[in-house]
Amino acid sequence: MPIRRPNHDGGGSAIRTIKLLVNHFRVRLDNAAADAVIFHYEMAITPDKKAQVSKSDSLSVKRQIFATDPTRFPSQSTAYDGDKNIFSTVPLPTGTFRVRTRRDYVVTVRLQAELSLSAIASPHVPRNVLHALDVILREKPSANLLVAGRGFYWADLGQDLRRGIQALDGFIQGLRVTEQGLVVYVDYSVMAFRKKMPVIEVLQDTLQMRLRENYALNMQQRALIEGALRGLRVTVNHRKSAQKYVVQDLTTHDSDSTKFTIDGPNGGSFSVREYFRSKYGQEIRYRRLPCLDLGKNGRANYVPMEFCEIAGGQRFPKQNLNKYEANQLRGIALADPIRRKESILRTVRSHDGPCVGELLSQCSISISTSMTEVTGRVLQRPELKLRAYSNDQLQRYNINRDDAQWNLMRNKVPSGARIDHWAILDFSAATAHRLDQRSFVLDLVSKLRDNGVQISPSPLFVMPSSMDVLSDSDRLYQVLGQVARGAQRPQILICPMVERHDGYNTLKLLCETEFGVMTQCCLTQHTNNPNLKRRDQYLANLGLLINAKLGGSNAELFEGVPTLAARANERFMLIGADVNHPSAGSDYSSPSIAAVVGSINWPASTRYAARIRAQPHRTEQIQEFASTRVFRDGVADNQFEMVIDKELLDLREKLGYSPKITVIVAQKRHHTRLFPEEGRGSGSGSPNVPPGTVVDTVVVDKTKPNFYLCSHQGLIGTSKPTHYHVLLDDNGFSKDEVQRMIYHLCFTFARCTKPVSLVPPVFYADIVAYRGRVYHEAQMRLNSQGSNLRSGNVCLPKLHKDIENSMFFL
């Protein structure tokens, strides 16, 4: 069983307290309505012919039933989840009904349960009650706003991103059970949507050209247009119709050559052009373009592109945004705490928000429109162990800046690597933006030595190459083979590039699984930057990565890991685990990637070894947890039991001994935000909460040990705290000990000189899982190119023995 939460208020380990507002809004049930119930009905829909029932079909059927008999089916008293569940404040008729929309359906309505709303006051609100309330809260915004996942968006609150795309303001809402009871959380959200526009304009934007009336697409353009249009909803304008159609495909031929047959006395074979001229009196201007196939269930429906418009309000996939659009969207979404708080409060007080509505009144439920007030604590920062620049001696370093950052200007890393053999494989050599080799070598060596890394003054060799090699897997294999099998093998291979390139994935796959060569990629736009300060900072960051990859450490805790260091007779390993899932829309052949990292240099605990495995599509449970030999990431609330009952049990059974284990889950995918009550943040000019802010009362789950920790300084946007849950603790740590341990570990992340937002074992596991995704994508690329190196399967290759216990993944 997971451990119980200690029955006391927040811990005492802090240098000060801070008044905070949290975007949680209290749910209350009218005392006079303690016996109120919600009726839960299931609506089963069967079509007259064998066909799938889509969500839009289900919604049409539900609306038809309620419109036909509004007295017995009062829509103002019901909420529908868009699938098969209806929740009502009044009894509804049950039985079987025949409904006709575009086709005939048989609908069966059954009463599933009567849910008592008095359960709202319980510390364990039943899941079926939470689901019912969630659907009820979503009913009004669903009717008036655009819906995308858990979010709602206002169609008239947008900013243009070009290419027929706009960023719309909105919000995300949900329910949580906390110490203060049931709450609604509301958070600001921004998402990219398509604007309503003619399909011809979409073509022109996609092809970046003005179409002429006699223009015909070549094969490459056709493939581009198919990718841009397939699956989109469109309306037609050659006749009056509000119906929306889904683009299934493009016709093989243009409107002159695309023919179809109509049965009946006036039937026959027609071209699309002839049909539209005779039926609608419409002459097709762009007659050499293919038509859109808007058919359904195997029936063709050809419509010329110029008579179609993209339906507004369709979500635009984030991964399809270009660099400009992605940057614009990010800038809009990164609202600072003041703007985010104001937007949230406007939302909860608006007539379209989650806190008002007739259905809520019928349930005798009210929702506060004021944020929850809570007292947070700011934890003491750790003292770091660095080397003095003057005498190279280890010393105690106090972090005095408000933003908790430090630098190595007058200090060195506590443990510098020794680099006797290094080399450069210059992919930029054949370009106008090639590496300034002489300056780069001098500056990089100088920076590494200043930081305490022992490095030879010159590389073993500088091998000129080209960006084209990154596009040719077989040539890349040959080049890397020359490096790996040379007379002297470099400890690290520096790989300058002029731009980010898909060949990066293949480079990492080959170097880390085939040849065992450590690599460090860099971009010449940064190494050649005429702004000396920015170039120096870039080289400093490269130096941190190189040192950590080759066995050095960039920052250590002077007194060791809190709590653990005090147990002198015990040894601890910090383990981080995560699973990277394929993107939405990926087919079932795309695996999930599980990663586990473990610290290997107790007591400093700054170096980690990693293991990666592929497992079935979108499987969260780590399939080979024990064989990969805990901090755990990516786990939802309803998966906690899986971690304890399956992953941990598997680990214990295969270890061969019984160590004391503490399991902590770190959640970043939540929508709880902390706002300084007075609008003052850390004192560094940022309106965000200061680094080290912890909240473990009022807004947390009262049934188990958990807390929110904002360990980093938010410089842009609003800081998001990490929600930590202690699921198991054989070591008997106190709440304060766990919080201090996690916060102090956040100062040891190897990539930077500031505390990070996520405890490093989990952060590293996340990076390693993504590296596994890089390997998989490289394998798929090899297969698609027909390379001699193609793998033929989706199993990930093992890490090369020469790097498997290093931090190659940084």
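Above this text you will find the structure in question.
Note that the coordinates shown come from a computational prediction; the quantities given were computed from them, not determined experimentally. (Residues numbered from 1 in each chain as written. Predicted model: local features only at pLDDT ≥ 70, side-chain atom pairs only at ≥ 80, totals over all residues. Heavy atoms only, no water.)

K.L.:
Talk me through the overall build of the chain; I want residue IDs and the actual numbers.
P.N.:
Check the secondary structure of the chain and you find 17 helices and 41 strands. Taken over C-alpha atoms, the radius of gyration comes to 30 Å for the chain, in line with the 28 Å a tight globule of 810 residues would show. On the principal axes, the C-alpha backbone points of the chain span a range of 95 × 75 × 55 Å. Taking all 810 residues of the chain together, the buried fraction comes to 53%. In the form shown here, the chain has an accessible surface area of approximately 37900 Å², with 46% of it arising from carbon and sulfur atoms. (Helix = DSSP H or I, 4+ residues; strand = E, 2+ residues; numbered from the N terminus. Rg over C-alpha atoms; globule rule 2.2 N^0.38 Å. Buried < 20%, exposed > 50% of the residue type's maximum accessible area, 1.4 Å probe, protein only. Areas by Shrake-Rupley, 256 points an atom, 1.4 Å probe, with all protein chains shown as cover.)

K.L.:
Could you give me a rundown of the layout of surface pockets, with the residues and numbers involved?
P.N.:
Of the voids in this model, the second largest pocket is the one considered here, and its volume is about 1300 Å³. As for the second largest pocket, its lining consists of 35 residues, and the residues nearest its centre are R500, Y504, N505, Y770 and V774. Only α12 (503-515), β31 (519-523), α14 (532-549) and α17 (760-785) provide two or more residues apiece to the lining of the second largest pocket. (1 Å grid on protein atoms, 1.4 Å probe; cavity = no way out; pocket = protein on both sides within 12 Å on 5 of 7 lines; lining within 4 Å. Points joined across faces, edges and corners; volume = space filled by probe spheres on them.)

K.L.:
Give me the lowdown on the nonpolar core, citing residues and values where you can.
P.N.:
Among soluble globular proteins, nonpolar side chains are generally buried collectively. The biggest cluster of nonpolar side chains holds 104 residues, and the ones touching the most others in it are W422, F427 and Y764. It is α17 that contributes the most residues to this core, nine residues altogether. Aside from chain neighbours lying at most four places away, what touches F427 is S465, S466, M467, V469, L470, L476, C495, P496, M497 and L507. One finds I120, L175, Y188 and L359 within the second-largest nonpolar core, a separate group that totals 49 residues. (Core = buried A, V, L, I, M, F, W, Y, C linked by side-chain atoms within 4.5 Å. Contact = heavy atoms within 4.5 Å.)

K.L.:
Let's hear about the environment of Q437: which residues, and what values?
P.N.:
Mapped onto the elements of the fold, Q437 is located in helix α9 (residues 437-450). In sequence terms Q437 and D426 are eleven residues apart; their C-alpha atoms lie 9.1 Å from each other.

K.L.:
So what about the side chain of S806? Which residues, and what values?
P.N.:
Residue placement: S806 occurs in the segment after α17. Look at S806 and you get buried, because its relative accessible area is 14%. A distance of 2.6 Å separates a polar atom in the side chain of S806 from the backbone oxygen of I803. In this view, S806 contacts M518, K549 and Y608; residues no more than four positions away in its chain are not counted. (Polar contact = N/O pair within 3.5 Å; in protein donor to acceptor, adjacent residues only side chain to side chain.)

K.L.:
Break down a nonpolar patch on the surface for me, citing the residues and quoting the values.
P.N.:
There is a patch of nonpolar side chains on the surface, built from L334, L715 and I716 and spanning about 320 Å² of accessible area. As for its placement among the helices and strands, I716 is situated in the loop between β40 (706-710) and β41 (722-729). (Patch = residues over 30% accessible without salt bridge, like charges linked within 9 Å, V, L, I, M, F, W, Y side chains within 5 Å. Salt bridge = Lys/Arg side-chain N within 4 Å of Asp/Glu carboxyl O.)

K.L.:
With reference to specific residues and values, describe the sheet that holds strand β13 (residues 233-236).
P.N.:
Strands pair in a sheet through their backbones, by hydrogen bonds, and they do so in one of two ways: parallel or antiparallel. Read from one edge of the open sheet, four strands run β12-β20-β13-β14, paired in antiparallel fashion. The strands lining the two open edges of the sheet, one partner per strand, are β12 (197-198) and β14 (245-246). Bridge analysis of β13 against β14 gives two bridges, and the strand direction is antiparallel. Directly across from V234, in β14, lies its bridge partner Y245. (Pairing = 2+ DSSP bridges.)

K.L.:
Please set out the packing of α12 against α17 residue by residue, giving values where relevant.
P.N.:
The geometry of α12 relative to α17 is characterised by a closest axis approach of 8 Å and an angle of 105° between their N-to-C directions. For the element pair α12 / α17, the angle class is roughly perpendicular. Residues G503, Y504, N505, T506, K508, L509, E512 and T513 of α12 form the contact with α17, whose own contacting residues are R771, V774, Y775, E777, A778, Q779, R781 and L782. Per-class residue counts for the contact of α12 with α17 are six nonpolar, five polar and five charged. (Axes fitted to C-alpha atoms, helices over the stretch in contact; angles between N-to-C directions. Parallel < 35°, antiparallel > 145°, perpendicular 65-115°, else oblique. Nonpolar A, V, L, I, M, F, W, Y, C, P; charged D, E, K, R; others polar.)

K.L.:
Which residues make up the state of the cysteines, and what are the values?
P.N.:
Enumeration over the complete set of coordinates arrives at zero disulfides. Unpaired in this structure, C355 has its nearest cysteine sulfur neighbour in C363, at a distance of 14 Å. C746 takes part in no disulfide bond, and the closest cysteine sulfur to it belongs to C710, at a distance of 10 Å. (Disulfide = S-S within 2.5 Å.)

K.L.:
Outline the packing of helix α3 (residues 199-207) against helix α4 (residues 219-229), listing residues and values.
P.N.:
Running from N to C, α3 and α4 point in directions that differ by 125°, and their axes come no closer than 10 Å. Classified by the interaxial angle, the pair formed by α3 and α4 is oblique. Crossing of α3 against α4: the hand is right-handed. Here V199, V202, L203, T206 and L207 of α3 lie close against α4, whose contacting residues are Q221, L224, I225, A228 and L229. (Left-handed = near helix turned anticlockwise from the far one by under 90°.)

K.L.:
Residue-level account of α14, with values.
P.N.:
Under the 1.5 Å per step criterion, the end-to-end length of α14 is 26 Å for 18 residues, consistent within 8% with the ideal 26 Å. Residues of α14 that are buried include every one of R535, Y538, L539, A540, L542, G543, L544, L545, I546, N547, A548 and K549, and no others. In this structure, the buried residues of α14 make contact with β26 (418-419), α9, β30 (492-497), α12, β31 and α13 (524-527). Looking at where α14 begins, the residue whose side-chain oxygen comes 3.1 Å from the main-chain nitrogen of K533 is N531. G551 sits one or two positions beyond α14 and adopts a positive phi of about 105°. (Expected span 1.5 Å × (residues − 1).)

K.L.:
Break down helix α6 (residues 323-333) for me, with residues and values.
P.N.:
Residues that lie three or four places apart on an α-helix share one face, since the helix turns once every 3.6 residues. Looking at α6, one finds that the buried residues are E325, L329 and I332. Projected down its long axis, α6 carries its buried residues within an arc of 60°, all on one side. Where α6 begins, one side-chain oxygen reaches toward the backbone nitrogen of Y324, 3.1 Å away; that side chain belongs to N322. (Arc of directions from axis to C-beta.)

K.L.:
Give a detailed account of the packing of aromatic side chains, specifying residues and quantitative values.
P.N.:
Taken as a whole and assessed by the stated rule, the structure comprises 21 aromatic pairs. Aromatic pair F276 and Y280: ring centres 5.4 Å apart, planes at 45°, arrangement tilted. Note that F276 and Y280 are positioned in helix α5 (residues 272-280) at a spacing of four residues, about one turn of the helix. Following the ring pairs from residue to residue traces out a cluster consisting of F260, F270, Y275, F276, Y280 and F307. Geometry around F66 places K62 over its ring, the cationic atom sitting 4.4 Å from the centre. Over the ring of Y389 we find K412; its NZ or CZ atom is 5.6 Å from the centre of that ring. (Phe/Tyr/Trp six-rings, centres within 6.5 Å; stacked < 30°, edge-to-face > 60°. Lys NZ or Arg CZ within 6 Å of the ring centre and 35° of its normal.)

K.L.:
Please set out the pattern of salt bridges residue by residue, giving values where relevant.
P.N.:
Going through the model one piece at a time under the given rule, you end up with 33 salt bridges. When the shortest N-O distance is used, the salt bridge between D536 and K447 registers 3.0 Å. Of the two residues, D536 sits in helix α14 while K447 sits in helix α9, which places them 89 residues apart along the sequence. Residue D701 pairs with K704 through a salt bridge whose shortest N-O separation is 2.5 Å. Judged by relative accessible area, D701 falls into the buried class, the value being 14%. Put simply, D256, R273, R277, E283 and R287 are held in one network by salt bridges that share partners.

K.L.:
Could you give an account of the pairing of strand β34 (residues 592-599), naming the residues involved and the relevant values?
P.N.:
Among the eight residues of β34, eight are classified as buried, and the element is accordingly described as predominantly covered. Looking at chain direction, strand β33 (residues 575-580) and β34 are connected through six bridges and run antiparallel. Looking at β34, one finds that D578 is bridged to A595. Sheet topology places β34 next to strand β35 (residues 608-615); eight bridges connect them, and they run antiparallel. Residue pairing for β35: V596 is matched across the bridge by R611.

K.L.:
Please provide a residue-by-residue account of the pairing of strand β5 (residues 85-88), values included.
P.N.:
Where burial is concerned, the two faces of β5 agree: the one with N85 and F87 and the one with I86 and S88 are both buried. Judged from the four bridges that link them, strand β3 (residues 37-47) and β5 form a sheet pairing that is antiparallel. From the neighbouring strand, F39 faces β5, where its bridge partner is S88. The pairing of strand β4 (residues 78-80) with β5 spans three bridges and is classified as antiparallel. In the strand pairing of β5, Y80 is matched with I86. Remark: four residues form the turn of the hairpin made by β4 and β5, two consecutive strands paired antiparallel; G82 in that turn has positive phi of roughly 85°.

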